[in-house]
Amino acid sequence: MAGDVFLASLDATGRFRSNEDWSVSLSRLELSPAGERTADLPRIELAASVGPNRGELRSIKISDKTSTLTGDATVSYSLGAPFRASLDARLAGKEPRGTDKVAESYAITATYDGGAYRGKIEVASSPLSRLRGIPISGSVDGTATFSGDLEHPKVDFRARLREGSFQDQALSLSVAGAYADRSLTLASLDAAYQGFRVAA
């Protein structure tokens, strides 16, 4: 369809002897948006190897109009019953100039075992400019831990706005809370804007 185009480039080798003895090696995988509707989507470049119980993304590069992130990831899994899997992935941008600056970064560790999951997500200096239509500028630092199952998810989160502004005026905001039993609870909220402050 016009406007919805991705260009893909792949260089891979593999072998198969049995369900317990096989491998796939991706020396290069590139996905590039090439259409009007996909212009804001990122370009992705990967190098990876996958086997019967483990996958390694040796190199990950994600580029969009906001930044370029690089990193790696490891996935371990057991395809028998019950299905088990674990993930450890990290992405980071270039170190910014200045001692008071923090590089954009993302990290996730997660496990899944027989229907139950748990994990942690960490974010540093994630730019809000990536979210189109958001009137607040700045970046976000935050952590979230999650556990439970698909019917009963539990999430604890904490986030802080870094160098925030709204309508060209400084804005500070931090929030912490939890989600469980289909209910959102705020443990703390601290916001300040144009001399007004809200704390709870």
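All of these numbers come straight from a predicted model, not from anything done at the bench.

In this structure, strand 8 (residues 116-127) lies alongside strand 9 (residues 136-148), joined through nine bridges in antiparallel fashion. Across the sheet, the residue bridging to Arg118 is Ser147, located in strand 9. Across 12 bridges, strand 9 lies against strand 10 (residues 153-166) in antiparallel orientation. Paired with Thr143 across the bridge in strand 10 is Arg158.

Our focus in this paragraph is the environment of Ala124. Relative to the helices and strands, Ala124 is located in strand 8. Residues Ala124 and Tyr106 lie 18 residues apart in sequence; the distance between their C-alpha atoms is 6.6 Å. Once you skip the residues sitting within four places of it in the chain, Ala124 turns out to touch Val102, Ala103, Glu104, Ser105, Val140 and Asp141.

Here the focus is the confidence of the model for the protein chain. Here the protein chain shows a mean pLDDT of 91. Residues at 70 or above account for 97%. The lowest-confidence element of the protein chain is strand 13 (residues 196-199), averaging 91 in pLDDT; the highest-confidence one is strand 7 (residues 105-113), averaging 97.

Now for the nonpolar core. Counting five residues, the largest nonpolar core is built from Ile60, Leu69, Ala73, Ala89 and Leu91. Elements represented by at least two residues in this core include exactly strand 5 (68-78) and strand 6 (84-92).

What follows covers the layout of surface pockets. When its volume is computed, the largest pocket comes out at roughly 260 Å³. If you trace the largest pocket, you find 15 residues lining it, with Leu128, Val140, Asp141, Ala159 and Arg160 closest to the centre. Of all the secondary-structure elements, those providing two or more residues to the lining of the largest pocket are strand 8, strand 9, strand 10 and strand 11 (169-180). A total of five residues in the lining of the largest pocket trace back to one element, the largest contributor, which is strand 9. Of the residues that constitute the lining of the largest pocket, the class distribution is 10 nonpolar, three polar and two charged.

This structure, assessed with the given rule, holds 13 salt bridges. Arg17 is the partner of Asp21 in a salt bridge, and the nearest nitrogen-oxygen pair spans 3.9 Å. Of the residues examined, Arg17 reaches a relative accessible area of 67% and is grouped as exposed. Between Arg90 and Asp88 there is a salt bridge, with the nearest N and O atoms lying 3.8 Å from each other. The exposure class assigned to Arg90 is partly exposed, which follows from its relative accessible area of 43%. Judged by its relative accessible area of 35%, Asp88 falls in the partly exposed class. Connected through shared salt-bridge partners, Arg28, Glu30, Arg43 and Glu45 make up one network.

Here is what the cut-offs are and how they apply
- Residues numbered from 1 in each chain as written.
- Predicted model: local features only at pLDDT ≥ 70, side-chain atom pairs only at ≥ 80, totals over all residues.
- Heavy atoms only, no water.
- Pairing = 2+ DSSP bridges.
- Helix = DSSP H or I, 4+ residues; strand = E, 2+ residues; numbered from the N terminus.
- Contact = heavy atoms within 4.5 Å.
- pLDDT = per-residue confidence, 0-100.
- Core = buried A, V, L, I, M, F, W, Y, C linked by side-chain atoms within 4.5 Å.
- Buried < 20%, exposed > 50% of the residue type's maximum accessible area, 1.4 Å probe, protein only.
- 1 Å grid on protein atoms, 1.4 Å probe; cavity = no way out; pocket = protein on both sides within 12 Å on 5 of 7 lines; lining within 4 Å.
- Points joined across faces, edges and corners; volume = space filled by probe spheres on them.
- Nonpolar A, V, L, I, M, F, W, Y, C, P; charged D, E, K, R; others polar.
- Salt bridge = Lys/Arg side-chain N within 4 Å of Asp/Glu carboxyl O.

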